Amino acid sequence: MTAPEPGPPMTAPEPGPPMTAPERRGTTTVSDRAVRRIAGRAVTEALPGRAARATGSSAAVRGGRAEVAVDVALPYPEPLTPTVRRVQDHVTARTAELTGLDVCTARVGVTALTPDRTTEPEPPARESAPSGRVPRRWWAQRRLPLGVLTLLATLTCGALATDLILVHTGHRPAAAWRTGALHWLYVHGPGEPPVTAAAVGCVLLGVWLIVLAVTPGRRGLLTAHSPAPATRVAVDRAAVAALLRDTAAGTEGVDTVAVRVRRRRATVRAALAFGDRTAAREQITDAARRALAECGLRRPLRLRVAVRPLPVWTPPPAEPAPAPLGVVAPAGGN
């Protein structure tokens, strides 16, 4: 017997490509619209069972970070600063939890105050003003002028740099628009109307930019006191006007109310259908002063209340004067 011939040696299979974890096989992109809707929904979750809602929201997603801003209507009466802080923290945490993004601290703007019907109104706790300086005005970021100037400068410098690069590297002639502009500037002198008009336009543009730089803007916002040093609070003037309107409308005999809130003054004009005019004015004044005090504004508003009777208004009947002591009214007849 002969031994079987040995076969070819056994070889181990070549290792395949490494397995990829399921969570790393694709890319998840969260859109701005989804983040905006989640932030708006989170506003209603911040105060469960209360009259809080989002009146507007915006979001910007840049890579793994997101910036969120919401406009809210809060219940009244409630301490404004702690309520806004609670909404801000909840919106930031909830949006980061559901989207998986690194969410910056949400910007919250109060646009309206809604009377809370679920609970009886309680006097808000008075909080001491912070030791730091609270700004009198809310400064605007001036995004539109800055964006327009940046775009114009980018386009102008980019076109000029492109033409210079093509001339020196591609050995091409200069662009017609550049040579034409230089020829026009060489021919026209300082005293000609086109040059004078262009100079006046540049001066007006410079004055406008200086005004934007030194003025705060955002005239529709009124700054308020905040107990937290790193928190800035502002109340929309429309919200203060709505609060004063609701407060004055609750006075007995008042038919319509018109309110105008400026930066330093609040004017309340009420139309009286029935009742005493002086008493109604005093009630409206006291209620409006309490409402303004609860807002905690940095600069208190000067209040002016005017009450005018409607054409159908009838004065209340005059009460008879009491008879003096010791005088007996006649029983009748002579």
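Residues numbered from 1 in each chain as written. Predicted model: local features only at pLDDT ≥ 70, side-chain atom pairs only at ≥ 80, totals over all residues. Heavy atoms only, no water.

The subject of this paragraph is the overall build of the protein. If you tally the helices and strands in the protein, you get seven helices and nine strands. When the 334 residues of the protein are sorted by exposure, 26% land in the buried category. (Helix = DSSP H or I, 4+ residues; strand = E, 2+ residues; numbered from the N terminus. Buried < 20%, exposed > 50% of the residue type's maximum accessible area, 1.4 Å probe, protein only.)

A separate point is the pattern of salt bridges. Counting across every chain of the model gives six salt bridges. With its nearest N and O atoms 3.0 Å apart, the salt bridge here joins R65 to D102. Residue R65 is located in strand β2 (residues 65–76), and its partner D102 is located in strand β3 (residues 102–103); the two are separated by 37 residues in the primary sequence. Taking the relative accessible area as the measure of exposure, D102 reaches 42% and is therefore partly exposed. Through salt bridges with shared partners, a single network forms among E45, R94 and E97. (Salt bridge = Lys/Arg side-chain N within 4 Å of Asp/Glu carboxyl O.)

Turning next to helix α1 (residues 32–46). Between its first and last C-alpha atoms α1 spans 21 Å; for 15 residues at 1.5 Å apiece the expected length is 21 Å, and the two agree. Those residues of α1 that fall on the buried side of the exposure criterion are V35, A39, G40, A42, V43 and A46. Take α1 and look down its axis: the buried residues cluster within an arc of 155°, on one side only. In this structure, α1 carries R33, R37 and R41 as exposed residues pointing more than 90 degrees from its buried face. Those residues of α1 that are buried lie in contact with β1 (53–62), β2 and α2 (80–99). (Expected span 1.5 Å × (residues − 1). Arc of directions from axis to C-beta. Contact = heavy atoms within 4.5 Å.)

Moving on to the environment of R237. By the element assignment, R237 lies in helix α6 (residues 237–249). Discounting residues that sit within four places of it in the chain, R237 has contacts with R219, G220, L222, V261, R262 and R263.

The next thing to look at is the sheet that holds strand β7 (residues 254–261). Working definition: the strands of a sheet are paired by backbone hydrogen bonds and lie parallel or antiparallel to each other. In spatial order, the strands read β7-β8-β9; together these three strands make up an open sheet with mixed pairing. A strand with exactly one partner marks an edge of an open sheet, and here the two such strands are β7 and β9 (302–309). Going across the sheet, the axis of each strand differs from the next one's by a mean of 15°, ignoring polarity. In terms of strand pairing, β7 meets strand β8 (residues 265–272) through seven bridges, oriented antiparallel. Bridging across to β8, V261 finds its partner in A266. Each of β7 and β8 touches α6; the most contacted strand, β7, lies at about 155° to it. Contacts from helix α7 (residues 277–295) reach β7, β8 and β9, with the element oriented near 150° to β9. (Pairing = 2+ DSSP bridges. Axes fitted to C-alpha atoms, helices over the stretch in contact; angles between N-to-C directions.)

What follows concerns the nonpolar core. Core analysis: the largest hydrophobic core is formed by 51 residues, its most contacted members being L74, L244 and V261. Leaving out residues up to four positions away in the same chain, L244 has contacts with V259, V261, A266, V268, A288, A291 and L292. (Core = buried A, V, L, I, M, F, W, Y, C linked by side-chain atoms within 4.5 Å.)

For the protein, the average pLDDT comes to 78, and 76% of its residues sit at 70 or higher. Contacts from residues 120–132, a stretch scored under 50 in pLDDT, to residues over four places away or in other chains number 14 contacts. (pLDDT = per-residue confidence, 0-100.)

Let's shift gears to the environment of T267. Inspection of the secondary structure puts T267 in strand β8. Sequence separation of T267 and A241 is 26 residues, and the distance between their C-alpha atoms is 9.1 Å. Discounting residues that sit within four places of it in the chain, T267 has contacts with A258, V259, R260 and R304.

This next bit is on a positive patch on the surface. Taken together, the side chains of R260, R262, R264, R265, R269, R281, R289, R302 and R304 define a basic patch exposed on the protein surface. Of note, R304 is situated in strand β9. Owing to a relative accessible area of 42%, R304 belongs among the partly exposed residues under this scheme. (Patch = residues over 30% accessible without salt bridge, like charges linked within 9 Å, V, L, I, M, F, W, Y side chains within 5 Å. Areas by Shrake-Rupley, 256 points an atom, 1.4 Å probe, with all protein chains shown as cover. Lys, Arg positive; Asp, Glu negative; His and termini not counted. Charge placed at Lys NZ, Arg CZ, Asp CG, Glu CD.)

Right, let's get into unusual backbone geometry. The residue H171 is not glycine, and still its phi comes out positive at about 55°. Looking at the secondary structure, you find H171 in the loop between α3 (143–169) and α4 (176–187).

Time to look at the environment of C295. Looking at the secondary structure, you find C295 in helix α7. Residues C295 and A224, spaced 71 residues apart in sequence, show a C-alpha to C-alpha distance of 7.3 Å. For C295, the contacting residues outside a window of four places in its chain are L80, A224 and L243.

Contact pair α6 / α7: the axes reach a minimum separation of 9 Å and the direction vectors enclose 145°. In this structure, α6 crosses over α7, and the sense of that crossing is right-handed. Here α6 contributes V240, L243, L244, T247 and A248 to the contact with α7, which in turn contributes I284, A287, A288, A291, L292 and C295. Partitioning the contact of α6 with α7 into residue classes produces 10 nonpolar, one polar and no charged. (Left-handed = near helix turned anticlockwise from the far one by under 90°. Nonpolar A, V, L, I, M, F, W, Y, C, P; charged D, E, K, R; others polar.)

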